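# Breakdown of the fold
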There are 2 protein chains.
Amino acid sequence: MTHKEIESHCDVLIVGAGPAGLMAARMLAEFVRQQPELKVRIIDKRSTKIYNGQADGLQCRTIESLQNLGLAGKILAEANDMCTIALYNPDENGVIHRTGRIPDTLPGISRYRQVVLHQGRIERHFLDSIDEVSGGRIQVERPLIPETLEIDESKVEDPDAYPVTVRLRYMSEEESTPVQFGHKTENGLFRSNLQTVEEEDAAYRLPPGAEAGMYETVHCKYVIGCDGGHSWVRRTLGFQMVGEQTDYIWGVLDAVPASNFPDIRSRCAIHSTDSGSIMIIPREKGLVRFYVQLQERAEQGQRVNRTKFTPEVVIANAQKIFAPYSFDVSQLDWFTAYHIGQRVTDRFSKDERVFIAGDACHTHSPKAGQGMNTSMMDTYNLGWKLGLVLTGRAKRNLLKTYESERQPFAQALIDFDHRFSRLFSGKPAKDLADEMGVSMDVFKDAFVKGNKFASGTAINYDESVIVAKEGKASTVRSKKELAKYIEVGTRFPSEQVVRHSEGLPLPLGDLLVTNGAFRILCFAGNAADPTQMARLDRFAAYLDSPESVISRYTPASRKRDFAIDVITIHSNSREEIEMHDFPAPALYPKYNYDKIYADCESWHCGHGKAYEKYGIDSERGCLIVVRPDGYTALLAEIEDTKSLDEYFDTFLLQPTHALGPNTEPDWTIYAQRKKARREEALAQREL
Amino acid sequence: MTHKEIESHCDVLIVGAGPAGLMAARMLAEFVRQQPELKVRIIDKRSTKIYNGQADGLQCRTIESLQNLGLAGKILAEANDMCTIALYNPDENGVIHRTGRIPDTLPGISRYRQVVLHQGRIERHFLDSIDEVSGGRIQVERPLIPETLEIDESKVEDPDAYPVTVRLRYMSEEESTPVQFGHKTENGLFRSNLQTVEEEDAAYRLPPGAEAGMYETVHCKYVIGCDGGHSWVRRTLGFQMVGEQTDYIWGVLDAVPASNFPDIRSRCAIHSTDSGSIMIIPREKGLVRFYVQLQERAEQGQRVNRTKFTPEVVIANAQKIFAPYSFDVSQLDWFTAYHIGQRVTDRFSKDERVFIAGDACHTHSPKAGQGMNTSMMDTYNLGWKLGLVLTGRAKRNLLKTYESERQPFAQALIDFDHRFSRLFSGKPAKDLADEMGVSMDVFKDAFVKGNKFASGTAINYDESVIVAKEGKASTVRSKKELAKYIEVGTRFPSEQVVRHSEGLPLPLGDLLVTNGAFRILCFAGNAADPTQMARLDRFAAYLDSPESVISRYTPASRKRDFAIDVITIHSNSREEIEMHDFPAPALYPKYNYDKIYADCESWHCGHGKAYEKYGIDSERGCLIVVRPDGYTALLAEIEDTKSLDEYFDTFLLQPTHALGPNTEPDWTIYAQRKKARREEALAQREL
């Protein structure tokens, strides 16, 4: 039997259209929008997206990123806001009681709170956004499965080469629908880690002798493997997952419960004396997710008999743990079971040509709501770097920072989950002398601390070509004292500022739109002071000059804020200074009313006190460089344009045709007044 | 030539699919959802909805209402938030300067701020919502035009009759596209009041001898005329518009400006010495609306030559007023011109069978952003009343309150606009002795005070069968002292409360969903106090009894919260009392976690202090009845179930089959404990 064979080229092939793959596609869609000749493809072996169950938690940092991608509004409108965690523990008679409540999201760490929404809806919003941003150029192609992957190592450093060859097979609809056990309720056992690699592969294979579809040989510049815990890409590269399994097995139900348990609409952690633990995650549309520890244990090295895990078994065990409260289920939406283990790979990339991301790199228990978040944040990190390299705007050294930033975080996540899931699955200590049991004080403390980690806001990337930390051995160093409460390497935190042009209070974080641009936040300080304005004038003269990073790194025909976007935040009131007093066109571009902000009182939302919260001197200000993914990269004095040059020169590439100096005249009504002032300032500089 | 004639019946025929008509359709869609056999139709003579220009301001009270209809989120996501009003006046040399800034929305009057979004987008969201809520049963039918309307007066009080007969003509696409002057820019002159009634009618008429479509004779229970300032329904009823015209003519532009005027993104009121005034309304997508006073004056009783009003004329006059700032237009989206006048009709209804709403009842200048808002709020008021009467749940006396509530408001609006627009169009006073000129202090003061009026939050409906004010001659009286800062007759103001089941902070106003239900807000006070809980127990026993308004007025087969929804707000923390301590099922219905709220500290948004802001005693609480449209109707003591009975008996109708008493047992885990307490409380009552 012969099959049709075709051959093609593409810039990036994304394998897998789950959260990691869709985020990769969404990040690259922005570059496709800018440069429609880029060819980005995303394939999946499933014939449709998922409709029930799976991951559902969205952490603060993920929501911040979704906001900068224009996706947070729609997702939050459908999601359920979890507010409270209630802890239940058994008393001396084995009856469970609420022993405390803590906030689900630590107050103050983000402008968002953790929410839940089922993965299928989140994927739906991603698909819509990818379609819109790419102008329909990126569509998930399914069902397609890769069968071979080869890298021509001699070409990996050649920017024009297509060194990765992938052979794809087009599957029939039928074979791409995984073979299940035949339960009526939609179940996720076929994607659970209770299934082996061989079983998962078999579920998507054609039965022997069946008709198969055509093949396509794709020559790729880059490949991203987002193909899940059993990742074919990872196995093909030969990367090992390292870690260990526990013997704990948990069942999961998505259901509308019928129960008189008082905290059924709170997130809860319930430890029983002898029947195991439950975690409750209240969801959208009256649904509640129950993670229920099962009595069944996995024997090390032995296969688990999956047929034992039915919804009835999970419900029966939940009833034991909930007693004396009633528990039943009026509508069962989805169920699965899994075996707790923590594993991570130490390699995230082969030759910076093939990358793996998401569950392909790290698997762990779902209860801290980290899986989907970490997966999306992996490709949120990779996407802009790959986009800049692909479009010839950055050097390939930028790509090394994907592994150096995400692998240590994955390791930290695995370590966190290791501790956390054992506290969750362990029996409560009977008394202080019970060393084998879990102390409920220790558990509560772990939960509070864990929430900061789990929020994603605590990530602090190491020094690298794109993170200029203070005091380390590097040519470019941040001056920590310029913004005392901002940590270089962490995401730039949002505070309220007021748009000068209209008086609108808004989160500064909303300005950090994820479009591949770096941002220079020019904290202008007290701009009403002539000395300070002279400093701003000199900075503006640099920006407009042919030597500035903007003039050199912006491709010709692009707008001046395309590669590096300058946003000014002054510490004056809107009465003390006029927008037109700021240097134009550098800081106040023609007819652009969205570049100047004030840290001042607003009519309706008070004073944001951004300078105070960032620890920035409200007289002298400073410059803060923020990466396209919102992480703080560099703190510098307003005149320290040398550090700007050095920072960007390390990893950006000059386009063949650069935009060059800004030759627009000052367009504001105060142009004459400013011209005199600027000439005076420049004269002082000469002295 | 003969035409096809058909005949039909419908419950409500809405004439006109502008803001008033669409709101009427959306309000009735809820009743169609509940009772799909209801037949509601909406027709329009235009072949498509509008795409540019027209009204665009959404006031606070309108947005609150949209929120309760589930529409605010989508509309606010697209709208522009106007924050600031800047006032510009000429100095002694005739050069304009900013003389002050005020907030566009008075801080504290609403949880929303005034926004702008073009009417076409707002109509789009309404069309989607009408379709969704009515299950596709209500669709705008166009182009259709009514030609005759007759009322059979002998049948107007018969609930089963169809006393209104309307003959409709189906138009061709071509004739429903209004005849314009042929300007390339989309213009609204054909809908401006510079056009006469005859000209408007002619614009939609078939030319002589042309082919016309079929006719339909519709027998209607009710007709709502939402057919604009030149309303055919109003003219057919013979209602007069009373008022006067000024001689001021204004032009309107929607454009992306090219200007160095510093406040181009603020709402501005600019008075020039001799060239007239401008109002600036910054809009979505970089657009700005300019209201520009023209030099041309209208002669009383004379026709205005509309061909004089071109975008070029408007821009040229704007340039004079803006000088010395530059002003040009880089993209012109829409323009029109209008002649300022204020007119209102004293009748809003004929026999409570044919109603008119929106511009059909009141026309005025657009600058206070009242037109679309008042129009929508007219039918927001009428819609639920008509729905309740149509579905046999209320007596026809309810319908009289439409005219008695909306006509006085329309008159107040006309009076407000009369003063306000003369201040706007008048020349600024040269000095204190200039009595003919407008004092800029008076103008600023009028603006600040006008903003409260314009927000729509100040509406205070008179006493009626549905508004039980304190101390007036009425069988049912509110006890003002129970909620000192709440005014019966005004919309119930929203404050933050915390959902007991999960700890979520949310605006109490969000619970007042517009679904035709009245609400009894049970401010439970200090429910942790046994004496207070005994009061709640007695109130709950009433609600569950066969005599309660819920048992009597809820149709059989409906849920108990269908007609009158009871929501409990206590003043305890979530630690002082459990949800399960509240009387179930009356206040805490089975598996319903959305009925009990706390006025307490939240994790992330502080303490709402709702009791304090409402002026309610946090120990004793009270009952507050809120109408389906969110207006406060009655304040009563918790045991004053007699007032509840009397209030609802006045205008509600008992269904043939009522739901009857609540026979569900107490389902909570504390049922035993509560049973003992309740028996004790009931025993005390007997004494």
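None of the values given here were measured: they were computed from a predicted structure. The written sequence of each chain sets the order in which its residues are numbered from 1. For this description, chains carry letters from A and ligands carry numbers from 1, given in the order in which they are written. Whole-chain, interface and lining totals are the exception, using all residues; otherwise, since this is a predicted model, local features are given only for residues with pLDDT of at least 70 and side-chain atom pairs are given and counted only at 80 or more. Water and hydrogen atoms play no part in the side-chain values, which are based on all heavy atoms of the structure.

## Overview of the nonpolar core
Nonpolar cores are built from buried Ala, Val, Leu, Ile, Met, Phe, Trp, Tyr and Cys residues. Side-chain atoms within 4.5 Å join them into one set. Relative accessibility thresholds used throughout: buried, under 20% of the residue-type maximum; exposed, over 50%; partly exposed, between the two (1.4 Å probe, protein chains only). Phe-539, Ile-624 and Tyr-647 of chain A are the most contacted members of the largest nonpolar core, which totals 177 residues. For Phe-539 of chain A, the contacting residues outside a window of four places in its chain are Ile-520, Cys-522, Val-566, Leu-587, Leu-623, Ile-638, Thr-641 and Leu-644 of chain A. Should any heavy atoms of two residues lie within 4.5 Å, those residues are considered in contact.

## A look at the domain arrangement of chain A
Interface size, as often reported, equals the accessible area lost upon joining of the parts. All names here are of chain A. Segmentation of chain A into domains returns domain 1 (5–454) and domain 2 (480–686). For the purposes of this description, domain bounds are those given by an automatic or database domain assignment. A C-alpha centroid distance of 39 Å is found between domain 1 and domain 2. At the junction of the two partners, domain 1 supplies 27 residues and domain 2 supplies 24 residues. What counts as buried area is the accessible surface, traced by a 1.4 Å probe, that two parts surrender upon association, with contributions from both included. Of the roughly 2,100 Å² buried between domain 1 and domain 2, counting both surfaces, carbon and sulfur atoms make up 47%. The rule for a salt bridge is simple: a side-chain nitrogen of Lys or Arg has to be within 4 Å of a carboxyl oxygen of Asp or Glu. Put simply, domain 1 and domain 2 have three salt bridges between them. The closest approach of N and O atoms between Arg-627 and Glu-405, which form a salt bridge, is 2.7 Å. The term polar contact refers here to a pair of N or O atoms within 3.5 Å; inside protein, the definition further demands a hydrogen-donor-capable atom paired with an acceptor-capable atom, and it admits residues adjacent in sequence only when both atoms are side-chain atoms. The tally of links between domain 1 and domain 2 comes to 17 residue pairs in polar contact (both at pLDDT 80 or more).

## Overview of the sheet that holds strand 7 (residues 115–116) of chain A
Residue and element names in this part refer to chain A. Note: two strands are recorded as paired if DSSP finds a minimum of 2 bridges between them. Only DSSP runs of H or I reaching four residues or more are called helices, and only runs of E reaching two or more are called strands; each is numbered from the N terminus. As summarised here, the arrangement of the three strands in space is 3-7-4, forming an open sheet in which the pairing is antiparallel. Only two strands of the sheet have a single partner each, and these edge strands are strand 3 (57–58) and strand 4 (80–81). As paired strands, strand 4 and strand 7 are joined by two bridges and run antiparallel to one another. For Asp-81, the partnering residue across the bridge sits in strand 7 and is Val-115.

## Some remarks on the relation of the copies chain B and chain A
Copy-to-copy alignment: least squares on C-alpha atoms, limited to residues at pLDDT 70 or above in both. In screw terms, the move from chain B to chain A is a rotation of 180° and a rise of 0.0 Å along the axis, fitting with an RMSD of 0.0 Å. Both copies are brought into coincidence by an operation consistent with a two-fold rotation axis. An overlap of 100% is found between the interface residues of chain B and their copies at the interface of chain A, pointing to a shared contact surface.

## Side note on the interface of chain B and chain A
Across the boundary between the two partners, chain B contributes 41 residues, which contact 41 residues of chain A. Here chain B and chain A share an interface that buries about 3,700 Å² over both sides, 53% of which is from carbon and sulfur atoms. When the area that chain B buries against chain A is broken down by residue, the three leading residues are Arg-101, Trp-603 and His-604 of chain B, summing to 18%. Inspection of the chain B/chain A interface yields four salt bridges. For Glu-578 of chain B, the salt bridge goes to Arg-98 of chain A, with nearest N and O atoms at 2.2 Å. The interface formed by chain B and chain A holds 20 residue pairs in polar contact (both at pLDDT 80 or more) in total. Secondary-structure elements contributing two or more residues to the side of chain B that touches chain A are strand 4 (80–81), strand 6 (96–103) and strand 12 (242–259) of chain B. Of all the elements, strand 6 of chain B adds the most residues to the side of chain B that touches chain A, at four residues. Just so you know the grouping, Ala, Val, Leu, Ile, Met, Phe, Trp, Tyr, Cys and Pro go in nonpolar, Asp, Glu, Lys and Arg go in charged, and all remaining residues, Gly too, go in polar. Here the side of chain B that touches chain A is composed, by residue class, of 21 nonpolar, eleven polar and nine charged.

## Let's talk about the environment of Phe-539 of chain A
Relative to the helices and strands, Phe-539 of chain A resides in helix 11 (residues 530–544). For the pair formed by Phe-539 of chain A and Lys-320 of chain A, sequence separation is 219 residues and the distance between their alpha carbons is 68 Å.

## What to know about helix 7 (residues 311–322) of chain A
All names here are of chain A. Any helix carries an expected span of 1.5 Å times its number of residues minus one. Counted at 1.5 Å a residue, the expected span for helix 7 with its twelve residues is 16 Å, and the 16 Å between its end C-alpha atoms agrees. Along helix 7, the residues that are buried comprise Pro-311, Val-314, Ile-315, Asn-317, Ala-318, Ile-321 and Phe-322. The buried side chains of helix 7 occupy one side of the element, clustering within an arc of 165° when seen end-on. Seen from the open side of helix 7, the exposed residues pointing more than 90 degrees away from its buried face are Glu-312 and Lys-320. Next to the buried residues of helix 7 lie strand 6 (96–103), strand 12 (241–259), strand 13 (267–271), strand 14 (277–282), strand 15 (288–297) and strand 16 (327–345). Taking the helix axis as origin, the arc is that swept by the directions to the C-beta atoms.

## Points about the pattern of salt bridges
Residues and elements named next belong to chain A. This model, assessed by the stated rule, comprises 100 salt bridges over all chains. The closest approach of N and O atoms between Glu-502 and Arg-499, which form a salt bridge, is 2.4 Å. A single burial state applies to Glu-502 and to Arg-499, both of which are buried.

## A closer look at the side chain of Ser-551 of chain B
Residue and element names in this part refer to chain B. In this structure, Ser-551 sits in helix 12 (residues 549–553). A relative accessible area of 1% places Ser-551 in the buried class. Those residues in contact with Ser-551 that sit more than four places away from it in its chain are Leu-543, Asp-544, Ser-545, Pro-546, Arg-560, Ala-658, Leu-659, Gly-660 and Pro-661.

## A closer look at the confidence of the model for chain A
Residue and element names in this part refer to chain A. Each residue carries a pLDDT score, the predictor's own confidence in it, on a scale running from 0 to 100. Within chain A, residue pLDDT values average 90, and 91% of them lie at 70 or more. The low-confidence segment residues 180–185 (pLDDT under 50) makes twelve contacts with residues lying over four places distant or belonging to another chain. Residue range residues 205–211 is modelled with pLDDT below 50. Its contacts to residues more than four positions away, or to other chains, number twelve contacts. For this predicted complex, the interface confidence score (ipTM) comes to 0.90, while the overall pTM stands at 0.92.

## Details of the sheet that holds strand 6 of chain A
Residues and elements named next belong to chain A. If you walk across this open sheet you meet the eight strands as 6-5-13-14-15-12-16-19, and the pairing is mixed. Taken across any chain shown, the strands that pair with only one partner, and hence form the sheet edges, are strand 6 and strand 19 (362–363). Judged from the seven bridges that link them, strand 12 and strand 15 form a sheet pairing that is antiparallel. Considered in strand 15, the bridge of Tyr-248 is made with Arg-297.

## As for the packing of helix 1 (residues 19–34) of chain B against helix 8 (residues 371–390) of chain B
Geometry of a packed helix pair, given as the angle between the helix axes and the separation of the axes. All names here are of chain B. Note on definitions: angles span 0 to 180 degrees between N-to-C directions of axes, and those axes are lines fitted to C-alpha atoms, for helices only across the stretch in contact. At a closest axis distance of 8 Å, the pairing of helix 1 and helix 8 adopts a crossing angle of 30°. Our classification of the angle between helix 1 and helix 8 gives roughly parallel. The chirality of how helix 1 crosses helix 8 is right-handed. Contacts from Pro-19, Ala-20, Met-23, Ala-24, Met-27, Leu-28 and Phe-31 in helix 1 reach Met-372, Ser-375, Met-376, Thr-379, Tyr-380, Gly-383, Trp-384, Leu-386, Gly-387, Leu-388 and Leu-390 in helix 8. For the contact of helix 1 with helix 8, the per-class residue count stands at 14 nonpolar, four polar and no charged. By the definition adopted for this analysis, an angle is roughly parallel if under 35 degrees, roughly antiparallel if over 145, roughly perpendicular if from 65 to 115, and oblique otherwise. Two helices that cross are described as forming a left-handed crossing if the nearer one is turned anticlockwise from the farther one by less than a right angle, and a right-handed crossing if clockwise.

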